[in-house]
Amino acid sequence: MSNSVDNAPLHSTPPSQSRLRELLGQAGLRATQQRILILESLMQLSGHPTAEQVHRSVVAVSPSISLGTVYKALDSFVAAGLTKRVAAADGTSRRYDADCSAHHHLFCTDTQEIIDYCDPQLDALIRDFFATRGLKNFQPTSFSLHITGSRLDAPRND
C-alpha cells in the first residue's frame, strides 16, 4: 500500500463560482458573494491556511471583507462539513483544511507546516484495534492522527 505525503495546493484549478454556490447550498448555507470568495480562497491556498492568510487573499479582491467575517465564514464551513479545523503544531493558531477526506496530519516542528498523510493500512490497523479492544460506552465513527516531528529534509533554523 502506498503512503502519500503532500503539501501541494489542494486544487490546482479552482472550482467555478457556480460550483462554489452549489457546494454552499448543499451544505445548507446561503451562497453570499463573501462566502463564495472566502471558500474559493481557502481552496486555492496551499497547505492549511490560517484565517489571517485567507483574509489577506480575500481582501486583495474585496477590501471591505473583515477578518471577523472570514472567521465567521470559516467556522460556518466547519459546522457545515465543507472544511475541517486543524490545530497548528504549536497549538496557538487555528488552521483550516478544505480536504475533508479521511487523512492524517504530520506537524513539522522545524518548519511549522502541516502535511497531509494518507495510509489505508494504518487506517485498517486503527479500525481493527478499536474493533477488538473497543472503548467502554463509546463507538468511534472517524479518526484523525496528529503526529508531531521533524522533516529530515527540512532546513534547520539554528
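What counts, and at which threshold
Residues numbered from 1 in each chain as written. Predicted model: local features only at pLDDT ≥ 70, side-chain atom pairs only at ≥ 80, totals over all residues. Heavy atoms only, no water. Core = buried A, V, L, I, M, F, W, Y, C linked by side-chain atoms within 4.5 Å. Buried < 20%, exposed > 50% of the residue type's maximum accessible area, 1.4 Å probe, protein only. Helix = DSSP H or I, 4+ residues; strand = E, 2+ residues; numbered from the N terminus. Contact = heavy atoms within 4.5 Å. Axes fitted to C-alpha atoms, helices over the stretch in contact; angles between N-to-C directions. Parallel < 35°, antiparallel > 145°, perpendicular 65-115°, else oblique. Nonpolar A, V, L, I, M, F, W, Y, C, P; charged D, E, K, R; others polar. Patch = residues over 30% accessible without salt bridge, like charges linked within 9 Å, V, L, I, M, F, W, Y side chains within 5 Å. Areas by Shrake-Rupley, 256 points an atom, 1.4 Å probe, with all protein chains shown as cover. Salt bridge = Lys/Arg side-chain N within 4 Å of Asp/Glu carboxyl O.

Asker: Help me understand the nonpolar core in this model?
Answerer: Most often, soluble globular proteins keep nonpolar side chains buried together rather than apart. If you look at the biggest cluster of nonpolar residues, it comprises 21 residues, and the most contacted ones within it are Ile 38, Leu 74 and Phe 77. Those elements giving two or more residues to this core turn out to be α1 (17–26), α2 (33–44), α3 (51–59) and α4 (67–80). The contact partners of Leu 74, leaving out residues within four places of it in the chain, are Ile 38, Leu 42, Ala 51, Val 54, Thr 83 and Tyr 96.

Asker: Looking at this structure, I do not really get the packing of α2 against α4. What am I missing?
Answerer: Packed helices, taken two at a time, are described by the angle their axes make and the gap between the axes. Direction vectors running N to C along α2 and α4 enclose 75°, while the axes themselves pass 10 Å from each other. Taken together, α2 and α4 sit at an angle that is classed as roughly perpendicular. Of α4, the residues touching α2 (which contributes Gln 34, Arg 35, Ile 38, Leu 39 and Leu 42) are Thr 69, Val 70, Ala 73, Leu 74, Ser 76 and Phe 77. Taken together, the residues that form the contact of α2 with α4 break down as seven nonpolar, three polar and one charged.

Asker: What is the right way to look at a nonpolar patch on the surface in this model?
Answerer: Taken together, the side chains of Phe 129, Phe 130, Leu 135 and Phe 138 present a nonpolar region at the surface, about 370 Å² in accessible area. Assignment of secondary structure puts Phe 129 in helix α5 (residues 120–133).

Asker: Is there a simple way to explain the pattern of salt bridges in this structure?
Answerer: A side chain of one charge can pair with a side chain of the opposite charge if their charged atoms are brought near each other. For the structure shown, the criterion picks out three salt bridges. A salt bridge links Glu 22 to Arg 19; its shortest N-O distance comes to 2.8 Å. Remark: Arg 19 and Glu 22 occur in helix α1; sequence separation between them is three residues, near one turn of the helix. On the accessibility criterion, Glu 22 (41% relative accessible area) is partly exposed. Overall, Arg 19 belongs to the partly exposed group, its relative accessible area being 34%. For Arg 85, the salt bridge is made with Asp 75, and the minimal N-O distance between the two is 2.6 Å. Taken as a pair, Arg 85 in strand β2 (residues 84–87) and Asp 75 in helix α4 lie far apart in primary sequence, ten residues in all. Relative accessible area serves as the criterion here: at 28%, Asp 75 is assigned to the partly exposed category. If you follow the salt bridges from partner to partner, you end up with Asp 75, Arg 85 and Arg 94 in one network.

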